[in-house]
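The lines below spell out each chain.
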Amino acid sequence: MLLETIRLAIQAIFRNALRSFLTVLGIVIGVGAVIAMVTIGQGSTEQVTADVEKLGSNMLMIMPGQDAMEGGPSGTVDQMFTIRMNDMIEEQLGMVDVSAPLSTARARAVFGNENRRTDIVGTDNRYFTAARWEIARGRQFDRSELQSGKPVCVIGESVRKELFGTSDPVGEVIRIKTLSCEIVGLLRSKGASTFGSDQDDFVIMPIRTFQRRIAGNTDVSLMIVSVREGVSTERAKKEIEAAMRDIRRIGRGEDDDFTVMDMKQIATMLSGITGVLTGLLSAVAAVSLLVGGIGIMNIMLVSVTERTREIGIRLAIGAQTRQVLMQFLIEAIILSLFGGLIGIVVGLGIGLAGANMLSIPFNPDPGIILMAFGFSAAVGVIFGFFPARRAARLNPIDALRHE
Amino acid sequence: MAELSSEGEPLIRLRGISRLYGSGEAEVRALDGIDLDIQKGEFVAIMGPSGSGKSTAMNVIGCLDVPTAGEYHFHGVEVANLNADQRALLRRHYLGFIFQGYNLLPRTSALHNVELPLIYKGLGRAQRHAAAIEALEKVGLAHRAHHDPSELSGGQQQRVAIARALAGNPEVILADEPTGNLDTRLSVEIMEVLKGLNENEGLTIVMVTHEADMAAFANRLIWMVDGRIESDGPTRKAA
Ligand SMILES: Nc1ncnc2c1ncn2[C@@H]1O[C@H](COP(=O)(O)OP(=O)(O)OP(=O)(O)O)[C@@H](O)[C@H]1O
Ligand SMILES: [Mg+2]
């Protein structure tokens, strides 16, 4: 009899092909959305953690202004740093390995007919050490280039690809604003970071060149400090803060006009952002789940009259309540399973495509898959089965007369 | 289900059957103390004004509805003592229904509609198929076995419904206005099918109708008014 009931259920599914299709679609949308969204959200979070680890835990950043972490308007224009300040930090603090001064701008790099808008970074060779960049071809800057601010640069892989295609960039001259700049080195690619931002998309030149020819000032907007092995970041942070207050002549009781961030903080900040992202994606997914659920509910409610009559007919010709219910339950389960499986495949597919596009890891969470599947199955069974149960408990004649 | 005994009892025996709808001021006595015996092999027509309780009586006899008061013995068994599942078994094995509105499953072939009661009877596929085809042959519709109800005329749909009622090999066929939606020519066709089943296969038939011409096919006519039986006797055969 069970086999026969399963056959009846399958017949009912095909007899009502459109209704079955819409039900499956509702489940596919719900399950697919949840799995895709959560997979992408979690992938981003993992990527942030991995990125931060790649940067190294012994790296700190010093930025002008208070509470740079919190963002928002600080009211006043922050007092920038200078190269001298950077060198004092490196010299005064024994635990500091290197400290690199940075100043940045956006500009267009032009070579022949090709051009690319990119980040222009003014710094010196210490930056390669602090941020762990390796030279793939060519060389770093030499002493005279740094000291007299010569028009030379080291470029990232993405800039090379765009401007030079397959040819060797070292020795070529690119133009940045009014500056003609000889390429002396090419960086080894680090690939994309979290959110797909391209880390290789920049041009580095000596900071004096940058200040004189690009920015037109003597500012340093960021210092990247690498501390020696075995020094705790808390201690490094405290010492750097004390030294900075001293260098900047900040009196007792006055607030800092700079911020020191360690990688843990940066990691927390970034995870905060990805957390928000995951939350947003989850909200989208929850809405999809709800939409799918409402869709199924609607389909079931619309067909309740026809189904109630069908139940009346079956009861009249001698079906027992539990046989009718079993048929409807099996029908709901088949549709839910089918929709759920397609939903998992679709969700994982979208998740994989999204992960590839954003260059983030693809590690689907079996818990979420089970949860989404369970929820949709429950929706399918509840809305498919419970109206049927109500109908099957009617007097057969009332079910037949249902309008 | 065990064979029901019927020693000395009529097939259908109603005593003081009442069916009330609603309560208080809105109370309706659809059936008001019906006494009725129907013997095996009878062809009974029930007539009466609209609202007189004909359908209600049929539903009670067919175990689709339960009376508010009174005794109903089917084959000597008190139906009031049966639960819903047992009543379902009674319908499955002894009763066949024909409704005014056909009540076929939509988007389902005639053959499959006719097979439906046999599925619940537990027949195997081959047996089911053979029995369904046989029933469709009896109503002259074997050549339409694979058509959906929407592809059949009203008369053909009703014949499919008759085939469905027959397929389960019941003892009693209950037909509530089986020709209510059909023109005279088709109605006569249907009545001839029913008459043949009664005469050749000994099926007991209880039929509600509004048309005297159709009632004339029966052997016995019951006239209902206001939930009571007003007259009960043999039909006068048309000259
Ligand atoms: N489900 C119901 N709820 C309330 N009242 C009902 C219900 N079914 C029938 N009735 C009432 O019971 C009475 C008998 O109804 P029934 O359907 O048996 O009449 P009928 O003789 O079959 O009429 P018709 O010839 O129009 O089909 C009517 O007054 C009707 O309004
Ligand atoms: Mg009626």
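Criteria and cut-off values
- Residues numbered from 1 in each chain as written.
- Chains lettered and ligands numbered in written order.
- Predicted model: local features only at pLDDT ≥ 70, side-chain atom pairs only at ≥ 80, totals over all residues.
- Heavy atoms only, no water.
- Near = heavy atom within 4 Å.
- Polar contact = N/O pair within 3.5 Å; in protein donor to acceptor, adjacent residues only side chain to side chain.
- Areas by Shrake-Rupley, 256 points an atom, 1.4 Å probe, with all protein chains shown as cover.
- Helix = DSSP H or I, 4+ residues; strand = E, 2+ residues; numbered from the N terminus.
- Pairing = 2+ DSSP bridges.
- Axes fitted to C-alpha atoms, helices over the stretch in contact; angles between N-to-C directions.
- Contact = heavy atoms within 4.5 Å.
- pLDDT = per-residue confidence, 0-100.
- Domains from an automatic or database assignment.

### Comments concerning the site of ligand 1
Then comes step 1: Around ligand 1, 14 residues are found, and the nearest of them are B:Ser50, B:Gly51, B:Lys54, B:Ser55 and B:Thr56.
Then comes step 2: Chains contributing residues to the immediate surroundings of ligand 1 are chains A and B.
Then comes step 3: In this structure, B:Lys54 approaches ligand 1 through a side-chain N or O atom, which is 2.7 Å from an oxygen atom.
Then comes step 4: A distance of 2.7 Å is found between an oxygen atom of ligand 1 and a side-chain nitrogen or oxygen belonging to B:Ser55.
Then comes step 5: When isolated, ligand 1 has an accessible area of 630 Å², and the protein chains bury 65% of it.
Then comes step 6: For the shell around ligand 1, the secondary structure elements donating two or more residues are strand E2 (28-38) and helix H1 (54-61) of chain B.
Then comes step 7: Here the element with the most residues in the shell around ligand 1 is H1(B); it accounts for 3 residues.

### Description of the sheet that holds strand E8 (residues 204-208) of chain B
Residues and elements named next belong to chain B.
Then comes step 1: Pairing is mixed in the open sheet, where 6 strands are placed in the order E6-E7-E8-E3-E9-E10. Two strands lie at the open edges of the sheet, namely strand E6 (95-98) and strand E10 (228-234), each paired on one side alone. Looking at each pair of strands side by side, their axes are set apart by 15 degrees on average, direction ignored.
Then comes step 2: Bridge count for strand E9 (residues 220-225) against E10 is 6 bridges, and the pairing is antiparallel. Within the sheet, the bridge partner assigned to Trp-223 lies in E10 and is Ser-231.
Then comes step 3: Here H1 sits on the sheet and contacts strand E3 (43-47), E6, strand E7 (172-176), E8 and E9; the angle it forms with E7, its principal contact strand, is near 155 degrees.
Then comes step 4: Running at roughly 80 degrees to E6, helix H2 (residues 84-94) makes contact with E6 and E7 of the sheet.

### Some remarks on the confidence of the model for chain B
Then comes step 1: Predicted confidence across chain B gives a mean pLDDT of 92, with 95% of residues reaching 70 or more.
Then comes step 2: Across the interfaces of the predicted complex, the ipTM metric reaches 0.93, alongside a pTM of 0.72.

### Notes on the domain arrangement of chain A
Then comes step 1: According to the domain assignment, chain A consists of domain 1 (2-51 + 269-401) and domain 2 (76-256).
Then comes step 2: Each of domain 1 of chain A and domain 2 of chain A was reduced to a C-alpha centroid, and the two centroids are 53 Å apart.

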